[in-house]
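Results of the structural survey
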Amino acid sequence: MAEIKKRELFGTDGIRGRANEYPMTSEIALALGRALAFHFKGEGRHRRILIGKDTRRSGYMLEMALASGITSMGVDVLLVGPMPTPAVAFLTHGMRAEAGVMVSASHNSFQDNGMKVFDHSGFKLEDREERKIESLMFSDLLTHHRPSPEKLGKAFRVEEARGRYIEFLKGTFPKEQRLDGLKIVVDCAHGAAYQVAPTVFDELGADLNSMGVSPNGLNINETGVVLPDLIKKRVIETKADLGIALDGDADRVLFVDEKGNLIDGDAIIAVLGAELLEQGILKDGVVVATVMSNIALEKYLDRRGGKVIRTQVGDRYLVEIMREKGYLFGGESSGHLIFRQYSTTGDGILAALQLLALMRTKGKRLSELVSDYSPCPQVMKNVPVKERRVLEQIPSLMEKIHHLERDLGKEGRLLVRYSGTEPLVRIMIEGWDAKRIESMAQDLASSVARELS
């Protein structure tokens with residue numbers, strides 16, 4: 001275990017890195033499994049931790065190492081195999097497990113992997129609890145609490161897990177409605193939803209055209225949210241009513257209308273938020289979004305009597321404020337949509353069902369549904385970096401940022417931040433003059449590259 005030296009393993013969405021390189025190694029997975037088992041076991045009680053994964057080849061390695069660590073501490077393991085991240089959250093709570101782990105790097109390519117942890121209620125862990133678990137991973141304490149051979153844990157494969165989740169999803173769709181006559185393209189990104197998503201839409205009656213459903217361990221995210229041009233082309237070719245693009249672990253979703261236009265998360269948050277406002281469901285008329293969401297979302301909901309509260313980037317931060325304040329709906333422009341009346345985390349398939357239900361209720365096509373939502377021009381740049389210096393401690397860079405903010409004034413927004421999962425600085429500039437903000441973003445990206453690349 002000499003490899004385990006570094007602290008602060010957890011980022012904004014669990015532990016993530018290149019597979020079979022620190023920290024995404026079997027040694028770290030083993031240590032995490034042991035720490036989770038100890039942290040959630042309690043005194044004198046035999047409990048269970050659930051493990052799911054996406055379709056990456058490295059998932060076998062990490063799944064088995066986690067299971068070994070957990071069982072070595074006297075806790076049983078429930079293995080559900082390839083399953084969407086929101087399914088792991090749902091099943092962890094529904095099967096009364098003490099915790100759940102999803103082995104996935106979400107939208108990243110197959111070379112990466114990750115481990116996301118859920119508590120017994122199906123919520124991602126708070127920072128404070130993650131720090132406790134990290135401390136346990138590096139502690140000698142676990143060595144002194146090894147159970148005797150007869151008290152070791154066991155591992156069970158849960159064959160009915162997929163069926164449980166499918167029935168839950170269908171239960172969120174209005175019972176009086178079906179998808180008969182609706183031509184849908186669903187792209188599962190060769191990822192965790194490759195069996196679940198087609199089954200759900202097919203059983204609800206859709207005329208279904210599936211793509212990204214042949215995972216081989218190496219092709220995850222070669223279609224789906226990351227490469228939406230493929231589903232746009234398929235929608236046009238098949239004359240479909242809409243396309244549904246998921247990412248590798250199916251917690252994100254983007255849509256393509258019948259004309260082949262990509263519809264992002266903000267547009268969907270706008271139309272679904274407006275519907276929930278009309279129904280009087282939203283507490284204080286609030287929709288929760290992140291700092292990355294388009295300013296047009298605020299204007300759209302404000303005209304309808306609602307308001308937007310923003311958080312930092314990451315669906316876990318949306319959920320935290322939603323739990324704290326009792327808000328029921330929120331999301332990210334990237335496609336994480338959270339319906340707190342149904343789920344504890346972002347769920348791409350569930351979000352698609354809610355949008356389809358609205359289309360059926362209103363009798364409108366997707367292009368018609370979003371026709372009065374007009375986003376403010378927004379430019380995003382991702383700059384690869386070699387180090388993560390504190391941005392505020394780089395005078396030349398801060399001077400550039402402040403200068404651009406003054407130029408934008410009240411008619412735009414600028415955001416510069418490190419990615420929580422990749423070695424990137426993300427730049428977002430928003431303003432009504434598209435050419436001007438593109439030039440600004442490129443100028444700022446060059447400055448960031450000079451300082452950090």
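Preceding this paragraph is the structure being described.
In this convention, every chain numbers its residues from 1, walking through the sequence in written order. Side-chain atom pairs in this predicted model are given and counted only at pLDDT of 80 or more, local residue features only at pLDDT of at least 70, and totals for whole chains, interfaces and linings cover all residues. To obtain the side-chain values, all non-hydrogen atoms of the structure were used and water was disregarded.

**Regarding the overall build of the chain**
Let me state the cut-off plainly: The secondary structure listing takes helices from DSSP runs of H or I that are at least 4 residues long and strands from runs of E that are at least 2 residues long, numbered from the N terminus. Each radius of gyration is computed over the set of C-alpha atoms, and the globule rule expresses the reference value as 2.2 Å times the number of residues to the power 0.38. Any residue under 20% of the maximum accessible area for its type is buried, any over 50% is exposed, and the rest in between are partly exposed; the area is computed with a 1.4 Å probe on protein chains only. In what follows, a contact means two residues having at least one pair of non-hydrogen atoms within 4.5 Å. Surface exposure here means Shrake-Rupley accessible area, sampled with a 1.4 Å probe, where a residue is shielded only by the protein chains that are shown. Charge convention: Lys and Arg are scored as positive, Asp and Glu as negative, and His as well as the terminal groups of each chain are ignored. The atom standing in for a charge is NZ when the residue is Lys, CZ when it is Arg, CG when it is Asp and CD when it is Glu.
Tallying secondary structure elements over the chain gives 14 helices and 18 strands in all. A compact globule built from 453 residues would reach a C-alpha radius of gyration of about 22 Å, and the chain, at 22 Å, matches this within 12%. By residue count, 59% of the 453 residues in the chain fall in the buried class. Within the chain, contacts between residues at least 6 apart in sequence are counted, and of these 71% link residues at least 24 apart. Just so you have it, the chain exposes about 19100 Å², and 48% of that area is on carbon and sulfur atoms. Once the 62 positive and 63 negative side-chain charges of the chain are each reduced to a mean point, those two points are 1 Å apart.

**Topic: the packing of aromatic side chains**
The condition that has to hold: Working definition: a ring pair exists when centres of Phe, Tyr or Trp rings (six-membered ring for Trp) sit within 6.5 Å. Plane angles under 30 degrees give stacked, over 60 give edge-to-face, the rest tilted.
On inspection of all chains with the given rule, the structure shows five aromatic pairs. Ring centres 6.1 Å apart and planes at 25° place the aromatic pair Tyr165 and Phe168 in the stacked group. Taken together, the residues Tyr165 and Phe168, both in helix H5 (residues 161-171) and three residues apart, mark about one turn of the helix. Residue Phe168 is classed as buried on the basis of its relative accessible area of 18%. Seen in terms of ring centroids, Phe329 and Phe339 are 4.9 Å apart; in terms of plane orientation they differ by 40°. Their pairing is tilted.

**Here's the deal with helix H9 (residues 295-302)**
One full turn of an α-helix is made of 3.6 residues, so residues set three or four places apart face in the same direction. What counts is decided by this rule: Residues adjacent in sequence count toward polar contacts only when both atoms are side-chain atoms; beyond that, a polar contact is any pair of N or O atoms within 3.5 Å, and within protein one must be able to donate a hydrogen and the other to accept it.
Restricting attention to buried positions, one finds in H9 the residues Ile295, Ala296, Leu297, Tyr300 and Leu301. Buried positions along H9 lie against helix H8 (265-279), strand S12 (286-290), strand S13 (307-311), strand S17 (412-418) and strand S18 (424-431). Structurally, the start of H9 carries an N-cap: the backbone nitrogen of Ala296 is 2.9 Å from a side-chain oxygen of Asn294.

**Side note on the sheet that holds strand S6 (residues 155-157)**
As a reminder of what qualifies: One bridge is not enough; two strands pair if DSSP finds at least two bridges between them. Fitted lines through C-alpha atoms serve as axes, helices being fitted only where they are in contact, and the angles separating the N-to-C directions of these axes extend from 0 to 180 degrees.
What the six strands build is an open sheet, ordered S1-S5-S4-S2-S3-S6; its pairing is mixed. Edge strands, defined here as strands with exactly one partner in the open sheet, are strand S1 (15-18) and S6. The mean inter-strand angle of the sheet, taken between neighbouring strand axes irrespective of direction, is 20°. Note that strand S2 (residues 48-53) and strand S4 (residues 99-103) share five bridges and pair parallel.

**Points about the nonpolar core**
Formally: Side-chain atoms within 4.5 Å link the members of a nonpolar core, which is a set of buried Ala, Val, Leu, Ile, Met, Phe, Trp, Tyr and Cys residues.
Counting 73 residues, the largest nonpolar core has Phe201, Ile244, Phe255 and Leu356 as the members making the most contacts within it. At ten residues, helix H11 (residues 348-362) tops the list of elements feeding residues into this core. Among residues more than four places away in sequence, those in contact with Phe255 are Leu242, Gly243, Ile244, Asn261, Leu262, Ile263, Ile268, Ala351, Ala352, Leu355 and Leu366. Grouped together as the second largest cluster of nonpolar side chains are 34 residues, Met24, Ala65, Leu66 and Val101 included.

**Quick notes on the packing of helix H3 (residues 85-94) against H5**
Put simply, the test is: Angular relationships are summarised with four words: roughly parallel below 35 degrees, roughly antiparallel beyond 145, roughly perpendicular across 65 to 115, and oblique for the angles in between. Each residue is assigned to one class: nonpolar for Ala, Val, Leu, Ile, Met, Phe, Trp, Tyr, Cys and Pro, charged for Asp, Glu, Lys and Arg, and polar for all the others, Gly among them.
Where H3 contacts H5, the axes come no closer than 10 Å and their chain directions differ by 100°. Taken together, the axes of H3 and H5 lie roughly perpendicular to each other. Facing H3, whose interface residues are Pro86, Ala87, Phe90, Leu91 and Gly94, H5 presents Ala161, Arg164, Tyr165 and Phe168. Its residues placed into classes, the contact of H3 with H5 shows seven nonpolar, one polar and one charged.

**Considerations on the pairing of S2**
Within S2, five of the six residues are buried, leaving the element largely enclosed by the surrounding structure. Relative to strand S3 (residues 76-82), S2 runs parallel, the two sharing six bridges. Bridge pairing in S3 places Gly52 opposite Gly81.

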